[in-house]
Amino acid sequence: MNHISTSLPILDGYDKVSGRLCFTEDMKLEGLLHAKLIFSSVAHATIKHIDIEAARAVPGVIGIFHHGNTPGNTYNSTIWFEGQEAPEDETMFPGVLRHIGDRVAAVIAETQEIADKAVRLIEVEYDRLPAVFDAFAARDLCEEMASSDQKSIFEKPVNETTFDYGNTRAAFDRADLIVEDTVTTPKTHHCAMENHVCVAMPEADGRILILTPCQSIFAVQFVVARAIGVPASQLRVVKTPIGGSFGGKAEPVLDPLCAWFAKTLERPVTIAFSRAETFTATRTRCKAIGYIQTAVNRDGRILARDTDVLIDVGAYCTGGIFLPESMAQRLCRIYNIENQHYRGRSFYTNTLPSGAYRGYGSPQIHAISEINLDHVARRLGMDPVKFRLKNLISPNDVDPVTGLGLGNARIRDCVEQGSVHFDWGNRWSAGSTEGRRKRGVGMACATHINGCFPGFHEATTATLRVREDGGLDLTCALHDLGCGSNTVLAQIIAEVLDISPLSIVFSEVDTEICDYDLGTRASRMTYIAGEAVRRTAEKLKLQIFAMASLELNCAATDLFITDGRVFCGDRRDSSISLGELAAREADRDRSLSTTETYRASANPGSYAAHFAEVEVDTLTGAVQVVDYLAVHDLGRAINPQLVEGQIHGGVQMGMGFALFEDIDIDVDNGRVKGDRFSRYHLVNAPEMPLVKVLLVEKHEPTGPYGAKAVGEIATIPPAPAIVNAINHALDTNLTELPVTPERIIGALSPTG
Amino acid sequence: MTAVRFILDGERIEIEVADPTRTLLQYLREDLRRVGSKEGCAEGDCGACTVVIAEPDGDALRYRAVNACIQFLPTLDGKALFTVESLKAADGSLHPVQQSMVDHHGSQCGFCTPGFIMSMLALYHNNPAPTRADIDDALSGNLCRCTGYRSIVDACRHMYTDYARVELDEVGLMAELRELRRDRGFSLELEAAHYHAPVTLAELAELYLEHPDAQILAGGTDVGLWVTKQLRELPAVIYLGNVAELRRIGVGAEGIEIGAAVTLTDAFDTIVPHYPEFGEMFRRFASLPVRNAGTLGGNVANGSPIGDSMPALMAVATRVRLRRGDQQREMALEDLYLDYMKNAMQEGEFIEAIVIPPRVDALLLRCYKLCKRYDQDISAVCAAFALRLDGERVSEIRIALGGMAAIPKRAPQTEQSLLGKHWDESTVRTAMDSLRREFTPLSDMRASAGYRSRATANLLYRFYLETRPGQALDNTAVNVFAVTA
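For every chain, the first residue of its written sequence is number 1, and the numbers climb from 1 along that sequence. Think of it this way: whatever chain is written first is A, whatever ligand is written first is 1, and the rest follow in order. Residue-level local features of this predicted model are given only where pLDDT is at least 70; pairs of side-chain atoms are given and counted only at 80 or more, and the full residue set underlies all totals for whole chains, interfaces and linings. In computing side-chain properties, one takes all heavy atoms of the structure into account and sets aside hydrogens as well as water.

(A) Region of interest: the overall build of chain B. Scanning chain B from N- to C-terminus turns up 17 helices and 20 strands. Using C-alpha atoms as the atom set, the radius of gyration is obtained and then compared with a globule rule of 2.2 Å times the number of residues to the power 0.38. Its C-alpha atoms give chain B a radius of gyration of 24 Å, near enough to 23 Å, the size a compact globule of 485 residues would have. In terms of overall dimensions, chain B has a C-alpha envelope of 75 × 55 × 40 Å along the principal axes. Accessibility here uses a 1.4 Å probe with only protein chains present; expressed as a share of the type maximum, an area under 20% marks a residue as buried, one over 50% as exposed, and anything in between as partly exposed. The buried share of chain B, taken over its 485 residues, is 62%. The contact criterion used is simple: two residues touch if any of their non-hydrogen atoms lie within 4.5 Å. Sequence separation of 24 or more characterises 64% of the internal contacts of chain B that already satisfy a separation of 6 or more. As presented, chain B carries roughly 18000 Å² of accessible surface, and 48% of it is formed by carbon and sulfur atoms. Positive charges come from Lys and Arg, negative ones from Asp and Glu, while His and the chain ends are left out of the count. Every charge is mapped onto a representative atom, which is NZ of Lys, CZ of Arg, CG of Asp or CD of Glu. Here chain B holds 52 positive side-chain charges and 66 negative ones, and the gap between their average locations is 6 Å. Helix and strand assignments come from DSSP, with helices taken as H or I runs of at least 4 residues and strands as E runs of at least 2, each series counted from the N terminus. Using the Shrake-Rupley algorithm and a 1.4 Å probe, accessible areas are obtained, with residue cover drawn only from the displayed protein chains.

(B) How the structure looks around the overall build of chain A. A tally of helices and strands in chain A yields 19 helices and 26 strands. Radius of gyration (C-alpha) of chain A: 27 Å, near the 27 Å computed for a compact globule of 752 residues. When the 752 residues of chain A are sorted by exposure, 67% land in the buried category. Partitioning the contacts of chain A with sequence separation of at least 6, the portion at a separation of at least 24 is 80%. On chain A, roughly 24500 Å² of surface is accessible, and the fraction owed to carbon and sulfur atoms is 48%.

(C) Examining the environment of A:Asn426 more closely. All names here are of chain A. Considering the arrangement of structural elements, one finds Asn426 in helix α13 (residues 424–430). Residue Asn426 is classed as exposed on the basis of its relative accessible area, which comes to 53%. On a C-alpha basis, the gap between Asn426 and Asn350 in space is 48 Å, while along the polypeptide they are 76 residues apart.

(D) Highlighting the interface of chain B and chain A. Each partner contributes to the interface: chain B provides 72 residues, whereas chain A provides 80 residues. Throughout, buried area stands for the accessible area (probe radius 1.4 Å) lost by two parts on being put together, summed over both. Together, the buried faces of chain B and chain A total about 6600 Å²; carbon and sulfur atoms form 55% of this surface. It is B:His105, B:Arg145 and B:Lys372 that lose the most area in chain B upon contact with chain A, and together they represent 14% of the buried surface on that side. When a carboxyl oxygen of Asp or Glu is within 4 Å of a side-chain nitrogen of Lys or Arg, the pair counts as a salt bridge. Along the contact surface separating chain B from chain A lie four salt bridges. Here A:Lys117 makes a salt bridge to B:Glu233, at a shortest N to O gap of 3.6 Å. N or O atoms within 3.5 Å of each other form a polar contact, as long as, within protein, one can give a hydrogen and the other can take it, and as long as residues adjacent in sequence are counted only when both atoms are side-chain atoms. At the junction of chain B with chain A, the criterion picks out 27 residue pairs in polar contact (both at pLDDT 80 or more). Just so you know the grouping, Ala, Val, Leu, Ile, Met, Phe, Trp, Tyr, Cys and Pro go in nonpolar, Asp, Glu, Lys and Arg go in charged, and all remaining residues, Gly too, go in polar. Residue composition of the side of chain B that touches chain A, by class: 29 nonpolar, 21 polar and 22 charged.

(E) Spatial organisation of helix α10 (residues 362–380) of chain A. All names here are of chain A. Expected span of a helix, by definition, is 1.5 Å for each gap between consecutive residues, and there is one gap fewer than residues. In this model, α10 (19 residues) spans 26 Å end to end at C-alpha, consistent with the 27 Å of a helix rising 1.5 Å per residue. Along α10, 17 of the 19 residues are buried, which leaves the element largely enclosed by surrounding structure. Phi turns positive one or two residues past the end of α10, at Gly381, with a value near 70 degrees.

(F) Looking closely at the sheet that holds strand β21 (residues 565–568) of chain A. Residue and element names in this part refer to chain A. As summarised here, the arrangement of the three strands in space is β20-β21-β22, forming an open sheet in which the pairing is antiparallel. The sheet terminates laterally at β20 (559–562) and β22 (571–577), the two strands that pair on one side only. The average undirected angle you get between the axes of adjacent strands in this sheet is 35 degrees. Where β20 meets β21, four bridges bridge the pair, whose relative direction is antiparallel. The residue of β21 that forms the bridge with Phe560 is Phe567. Only when DSSP finds a minimum of two bridges between them are two strands counted as paired. Note on definitions: angles span 0 to 180 degrees between N-to-C directions of axes, and those axes are lines fitted to C-alpha atoms, for helices only across the stretch in contact.

(G) The arrangement of the domain arrangement of chain B in detail. Residue and element names in this part refer to chain B. Assigned domains of chain B: these are domain 1 (4–177), domain 2 (184–302 + 319–356) and domain 3 (362–485). Note that the domain bounds were set by an automatic or database domain assignment. Centre-to-centre separation of domain 2 and domain 3, based on C-alpha positions: 29 Å. Residue-level contacts link 13 residues of domain 2 with 15 residues of domain 3. Summed over both partners, the interface of domain 2 with domain 3 comes to about 1400 Å²; 62% of that surface belongs to carbon and sulfur atoms. Counting across the interface, domain 2 meets domain 3 through two salt bridges.

(H) Expanded view of unusual backbone geometry. Residue and element names in this part refer to chain A. Residue Pro454 is reached from Phe453 by a cis peptide bond, and omega for that bond is 0 degrees. Relative to the helices and strands, Pro454 is located in the loop between β16 (437–448) and β17 (459–466). Of note in the backbone geometry, Ala522 takes a positive phi value of approximately 55 degrees without being a glycine. Looking at the element boundaries, Ala522 is found in the loop between β19 (504–506) and α15 (525–551).

(I) Local environment of the state of the cysteines. Two cysteine sulfur atoms make up a disulfide if the distance between them is within 2.5 Å. Tallied over the full model, the rule gives one disulfide over all chains. The disulfide partner of A:Cys554 is A:Cys568, and the gap between their sulfur atoms is 2.0 Å. Disulfide A:Cys554-A:Cys568: torsion about the S-S bond near 85 degrees, hence right-handed. Placement of the pair is A:Cys554 in the loop between α15 and β20 and A:Cys568 in strand β21, with a sequence separation of 14 residues. The same class applies to A:Cys554 and to A:Cys568, which are both buried. A:Cys483 forms no disulfide, and the closest cysteine sulfur to it belongs to B:Cys146, at a distance of 6.5 Å. For A:Cys483, a relative accessible area of 28% puts it in the partly exposed group. Among the cysteines around B:Cys69, which has no disulfide bond, B:Cys49 carries the closest sulfur, lying 3.7 Å off.

(J) Main features of the pattern of salt bridges. Evaluation of the coordinates by the stated rule reveals 90 salt bridges over all chains. The shortest N-O distance in the salt bridge between A:Asp26 and B:Arg29 comes to 2.7 Å. Taken together, the residues span two chains, with A:Asp26 in the loop between α1 (13–18) and β1 (33–39) and B:Arg29 in helix α1 (residues 24–31). Overall, A:Asp26 belongs to the buried group, its relative accessible area being 3%. Close ionic contact of B:Lys38 with A:Asp26 constitutes a salt bridge, the shortest N to O distance being 2.4 Å. Taken as a pair, B:Lys38 in the loop between α1 and β3 (50–57) and A:Asp26 in the loop between α1 and β1 lie in two separate chains rather than in one. Connected through shared salt-bridge partners, A:Arg427, A:Arg436, A:Arg437, A:Arg439, A:Glu613, A:Glu615, A:Asp617, A:Asp627 and A:Lys692 make up one network.

(K) Fine view of the packing of aromatic side chains. Residues and elements named next belong to chain B. Centres within 6.5 Å are what make two rings of Phe, Tyr or Trp a pair, Trp counting through its six-membered ring; a difference in plane orientation under 30 degrees is then read as stacked, over 60 as edge-to-face, and the rest as tilted. What the rule picks out here adds up to 28 aromatic pairs over all chains. Ring centres of Tyr124 and Tyr160 lie 5.7 Å apart, and the angle between their planes is 25 degrees; this geometry places the pair in the stacked category. You can see Tyr124 sitting in helix α3 (residues 113–126) and its partner Tyr160 sitting in helix α5 (residues 150–161), a full 36 residues away along the chain. Taking the relative accessible area as the measure of exposure, Tyr124 reaches 1% and is therefore buried. In this structure Tyr160 comes out as buried when scored by relative accessible area, which is 18%. Among the aromatic side chains, those forming a connected cluster through ring pairs are Tyr368, Phe385, Trp423, Tyr461, Phe463 and Tyr464. Counting as a charge over the ring demands two things of the Lys NZ or Arg CZ atom: a distance within 6 Å of the ring centre and an angle within 35 degrees of the ring normal. Over the ring of Trp226 we find Arg232; its NZ or CZ atom is 4.4 Å from the centre of that ring. Here Arg284 stacks its cationic end above the ring of Tyr374, 3.9 Å away from the centre of that ring.

(L) Quick look at empty space enclosed by the protein. Residue and element names in this part refer to chain A. Method remark: on a 1 Å grid restricted to protein atoms, a set of points is classed as a cavity if a 1.4 Å probe fits but cannot get out and as a pocket if it is open with protein on both sides within 12 Å along at least five of seven lines; lining residues have an atom within 4 Å of a point. Grid points are joined across faces, edges and corners, and a volume is the space filled by probe spheres set on the points. A full pass over the atoms with the stated rule returns eleven cavities of 30 Å³ or more. Roughly 110 Å³ of volume is contained in the second largest cavity. Lining the second largest cavity are 13 residues, with His99, Asp102, Arg103, Arg283 and Tyr316 sitting closest to its centre.

(M) Spatial organisation of the side chain of A:Thr618. All names here are of chain A. Looking at where Thr618 falls in the secondary structure, it is placed in the loop between β24 (606–617) and β25 (623–633). You can call Thr618 buried: its relative accessible area is 0%. Separated by 2.5 Å, the side chain of Thr618 and the backbone oxygen of Arg436 make a polar contact.

(N) Looking closely at the environment of A:Ile337. All names here are of chain A. Within the element layout of this structure, Ile337 appears in the loop between α9 (323–331) and β15 (339–348). On the basis of relative accessibility, which here comes to 5%, the residue Ile337 falls in the buried class. Sequence separation of Ile337 and Pro252 is 85 residues, and the distance between their C-alpha atoms is 39 Å. Setting aside chain neighbours within four positions, we find Ile337 in contact with Tyr165, Ile302, Leu303, Ala304 and Arg305.

Below is the structure:
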């Protein structure tokens, strides 16, 4: 059996390179209506008057929806199942508009062109309300309002989490050195190449079918049911191929509207956002401002740390309630610090809402802590690698927040192997060169979770059935977001049953046929779903052996499977194919199939250390990342090339976070300035350094074939590693991301 | 009604076009249901819609990757079109470009993939042995959010070596294209809009006099956006791309003459041997698909205050030749621009050619582009400086700036103040102050006004450091810590 640690190309590669894969916008549907939304042009207002008459008169316009004629049910788009709690402050068309880009109305027409034209005829008059655009202002407002009677939801923190262990104050008092920093991270956008899109249509029995590129069909079903006020059973949700998500399509933004339009108009309806709409009216990574103080001994031992994070969640809560805690969790799973105090507060602002985004708070909190740690090392005059090695956790240490073990945590191996591979010691001590272009090296460590345990009911149910042609049907709500997770899962099943991974057919991801699943989020695909399908395959194998032992008259313990056939010991002449077994079961009106539910009972850490070398043009402030090494503790790489692809993509995103990406809210009016690719800069091919990848494969006992997650963590350490390298090159302490040429020049010539 | 004629997958297509500003991408996706080409931004920034267009270039076929989202359908007339659906063999087997992408994991979510495939196809046919820099340039117009590009670059390398080469029937295609060639221009006079594609300069001049309210269309990299993004309606369009005289490049004793329909790619290739100092800026100017479609004439005529070619061209005393009917006139490029998006052209007048004088002796020239991302980003500031010294005194200086005013602009006061002065530290310090006084830039998302002012003054200082008599610094040795202003 040799399907693990092989780089099988993604299963749907042919469809993707031939242009045959049918994305949501590519579907041809009879009688499809097209929607065009109108968005608030002011940051905070009530609608005084809306005039839709001219738009309604346009031939081909079928319906116009707005606050006055749609359900005002409140919901929270980040909720995944009944019983999960978070403030419900979203409505399809709110009466109070909370940010530029908030939804005012929608025109539904026979064609997109008609809808686009009609929507421009709608006139909206606003009654403006005061607005806040940054977390500091929001905090001050909340403090002001604390003593007032007025307590609208908008005027108090979304959430506040603190935790404390040890005695931070006392440790600060006896420290040799305390280094403090304020690190700011920007609001950034997912920039999946496919814009947000959704289709909904009435089915013959009156239910609504929603076709949507999403991360969880059940979350879509739940949120839409809530928003439009129908039982979930009235909604059927099917995931379509997804052109990238990165968390951006984790929350149903368009689905409630689309479903309501289809239900009301009794026609199929699509909403397809433009790039500018995707930028300004979906979700972002939240902005974080971290004030962090680290207390150390002269010998580099961290005694205590105090971290205070202000989180700007934007105009709606969505997952903002979870962010302070998830940042805390990420902060405390990587260094042994006996005394820690943390406070995280999230605030509303009149800016577009934040939501899930690859790493969920982790890139921000790691930027805060890892940039500060380099500053500490600099102040101590200590090699930042040696400083970190004095403080990093070891395998099987315990997460102080949850009290759970961290598993086979191999961050030390990452740092040690990486620093050798990168020749860190020499390159770091060489320092920066004289002249216009200065070089520097930087590194950063990171950790991330594996699934949702113990937070939510972390489980996956899979059904495997042997077909009469010997292949397998897998029924499970597996949302492959394009990262190749289905390919990895096929390899795991193939390894157990020794069949070709290409013979496995994945079911539609459809609420009608799949058991409940949290979907693709929280780095749970390989670790949770992988273990679930492995166990299902193992159980199926027992069933196959039980049957085959009767058919072949052979003890089950002597049976083995090779290449889709069951053999009895060394009797090569006595065998039966899986397909024949399935056929014989079918003759008995039974199927050769099994269903298994896997419930997680651990949440080990994935770890990474990234090393970067930059060259900074001190004349222009331009930064080039000239060398890069990513070292990852992922237990085992089921598909090494897919793993590398995840890491390269993560570095691309993290590098953008460090250097370019910022949706850039206009502080005067709350407008999103970075609303297109010519103003919101992604790292492109020429900018991308040659990223080297080193994998630490030390086997995580709770993961399938020892595997842990890699997808999210890959995007966490690049930003602090690159910023640290810039600070090393220039002997600066830049802490505001993105580190743009203007900020670099500002730091180099403070005289202004 | 005249049909638009082109070759698709080796077959001649003749279509009646109802709206001449319908984009090629709309036609492909909606009319032909060839939905492999994707819309990711509809403004030529992401490359998900990239297709390949082939046309004769002398005796050879030239392949150009372009953004279908901003190409108007009728501009396809007389050309051959390839989309991602064109590649697969009849038996379903993949083209080497596609197979290499599968084998090297170059596709993850797959949404950007067809666009990448087409950029790679143009590279495959145009360049049999690309360097890494060539590959980067070929991929520069395609964004991917999944792969970090590495696997795609690997796929580019291996598409030549690991698979049997697939050639097109170029001879046959050339013959087909010759049959489509038009001796006279064609017009589509439709309810939605009028579209004219003259083939001679005389035809064009006459047409534009008749229809002075028509929109002149060259590469469409700006005009396309007016339609797709601003939903502007263009009642009449005159397309320059087929006018033979405007596609010419002349290089002679009089300098370089670049016809108004010459693409940026070809214009830059012509200019750089004479003015190598522009090489770096030109390489960073837009993506390959945009340079392949956009024209130098269009860039100049549009006159965006943040366009990069104007400062460079102004610094070397470029002139524009305008034409109205059978009247020609020439003016200095800087005189073309009056105010934000306003120029000196009269009704019915258009740019015929851009005339770059021959390089003068002892010219000290630099062009600096400052932006957030190094490659293909719109400039915060673009500055070009051209200097001649008489001994150590300034005998001639031209300073031209982008991003500093409502138009691309020379700095006459500062230039005047420098004439005859000794080219030394104190002169330049004074000139830096003068530059800061002479311009009042805006703050926007690309840069603050303060940064623009300071950076521009510092660029003058940098120019000085790189040109000071006797001790000019190599450009890699210029040190910001020496700049204290």
